[in-house]
Each structure stands twice: as C-alpha cells, then as structure tokens.
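Reading the structure
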Amino acid sequence: VQLQASGGGLVQAGGSLRLSCAASGRTFSNYAMGWFRQAPGKEREFVAGISRSGGSTNYADSVKGRFTISRDNAKNTVYLQMNSLKPEDTAVYYCAASLAYRTPMDGSPMNYWGKGTQVTVSS
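Residues numbered from 1 in each chain as written. Predicted model: local features only at pLDDT ≥ 70, side-chain atom pairs only at ≥ 80, totals over all residues. Heavy atoms only, no water.

Considerations on the nonpolar core
- Counting residues in each nonpolar core, the largest one holds 34 residues, and the members touching the most others are Met 33, Trp 35, Leu 80, Met 82 and Tyr 93.
- With five residues, the single largest contributor to this core is strand E9 (residues 91-98).
- When near neighbours in sequence (up to four residues on either side) are disregarded, Leu 80 contacts Leu 17, Arg 18, Leu 19, Trp 35, Val 47, Ala 48, Phe 67, Thr 68, Ile 69 and Tyr 93. (Core = buried A, V, L, I, M, F, W, Y, C linked by side-chain atoms within 4.5 Å. Buried < 20%, exposed > 50% of the residue type's maximum accessible area, 1.4 Å probe, protein only. Helix = DSSP H or I, 4+ residues; strand = E, 2+ residues; numbered from the N terminus. Contact = heavy atoms within 4.5 Å.)

So, unusual backbone geometry
- The backbone phi angle of Asn 76 is positive, close to 55°, even though this residue is not glycine.
- When you line up the elements, Asn 76 lands in the loop between strand E7 (67-72) and strand E8 (77-82).
- Under the relative-accessibility criterion, Asn 76 is labelled partly exposed at 27%.
- The phi angle at Ser 84 is positive, at roughly 50°, despite the residue not being glycine.
- If you trace the backbone, Ser 84 turns up in the loop between E8 and E9.

What about the pattern of salt bridges?
- Under the counting rule described, the total for this entry stands at four salt bridges.
- A salt bridge links Glu 45 to Arg 37, with the nearest nitrogen and oxygen atoms 2.6 Å apart.
- In this structure, the salt-bridge partner of Asp 89 is Arg 66, at a minimum N-O distance of 2.7 Å. Of the two residues, Asp 89 sits in the loop between E8 and E9 while Arg 66 sits in the loop between strand E6 (57-59) and E7, which places them 23 residues apart along the sequence.
- A residue is classified by how much of its surface remains accessible, and Asp 89, at 1% relative accessible area, is buried. (Salt bridge = Lys/Arg side-chain N within 4 Å of Asp/Glu carboxyl O.)

Focus on the packing of aromatic side chains
- In this structure the tally under the stated criterion is three aromatic pairs.
- Seen in terms of ring centroids, Phe 36 and Phe 46 are 5.6 Å apart; in terms of plane orientation they differ by 75°. Their pairing is edge-to-face. Here Phe 46 lies in strand E5 (residues 45-50) and Phe 36 lies in strand E4 (residues 32-38), a separation of ten residues in the sequence. As far as the burial class goes, Phe 36 and Phe 46 line up, both buried. (Phe/Tyr/Trp six-rings, centres within 6.5 Å; stacked < 30°, edge-to-face > 60°.)

Regarding the sheet that holds strand E3 (residues 17-24)
- With antiparallel pairing, four strands are arranged side by side in an open sheet as E1-E3-E8-E7. Each of the sheet's edge strands pairs with one partner strand only, and the pair in question is strand E1 (2-6) and E7. When strand polarity is set aside, the average angle formed by the axes of neighbouring strands in this sheet is 15°.
- The sheet contact formed by E3 and E8 spans six bridges and is antiparallel. Paired with Arg 18 across the strands is Gln 81, a residue of E8. (Pairing = 2+ DSSP bridges. Axes fitted to C-alpha atoms, helices over the stretch in contact; angles between N-to-C directions.)

Shown next, in the form of structure tokens:
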C-alpha cells in the first residue's frame, strides 16, 4: 500500500490543523492505521492509532483530548484532527499502515510508511 500524507503547515499556538493520509494500492480497510511524529533531534514517536473499522482508537498521553484520529474507508483516507496545538507538537508527521488486527499503539510495528508532512507551531 502507498501512503501520502498532507495538510501540514505553520500555525500559531492554540490553533488547529487537519492532516490527511491517502492510501492506494490495496484494500484500505485491511489495514489498521497510525500517525507518528518526529521532532528535530528526537526519535520518532507514536501519536495515534485506529483500527481497521475505525471503532477503536489509541492516543499518546501527550495528545489525548487535543487530537482525534478518524478514517473514511470509502475514501481510503485516515485523518488526524489536531486542536489546541502547542509548540512542542512541532514535528514531521507520518502516517503508517499495519496488517495486524490490533489497534496501533506505542511500540506497535507498522508495515508501511508514507512520507511525512511538516507541522510547525509557533509560540
């Protein structure tokens, strides 16, 4: 499966952005999906995960209550709605797909990765 993330940009602290990740090549609903991010000088970290059907989600503690992951299997797209953004949310954000049945969480191995999209939050 090929993944293409979009929607990043520059936003002020307290603002919102919505990331999208379009999938192609295979049956999208066969994949659990996740969003990850990597800030300069830091390791890549888990942000959010969603099950194949969209009925189950997981979030990193740092984004709970602010970020929402969702998917539209008819459009082969997964989203990350980011509200109340903070400067520490600045990173390159990546979407990834997993063949596992389990909803992705911190430490979950992912099978496919897309290219990232830059999110910059100014203070």
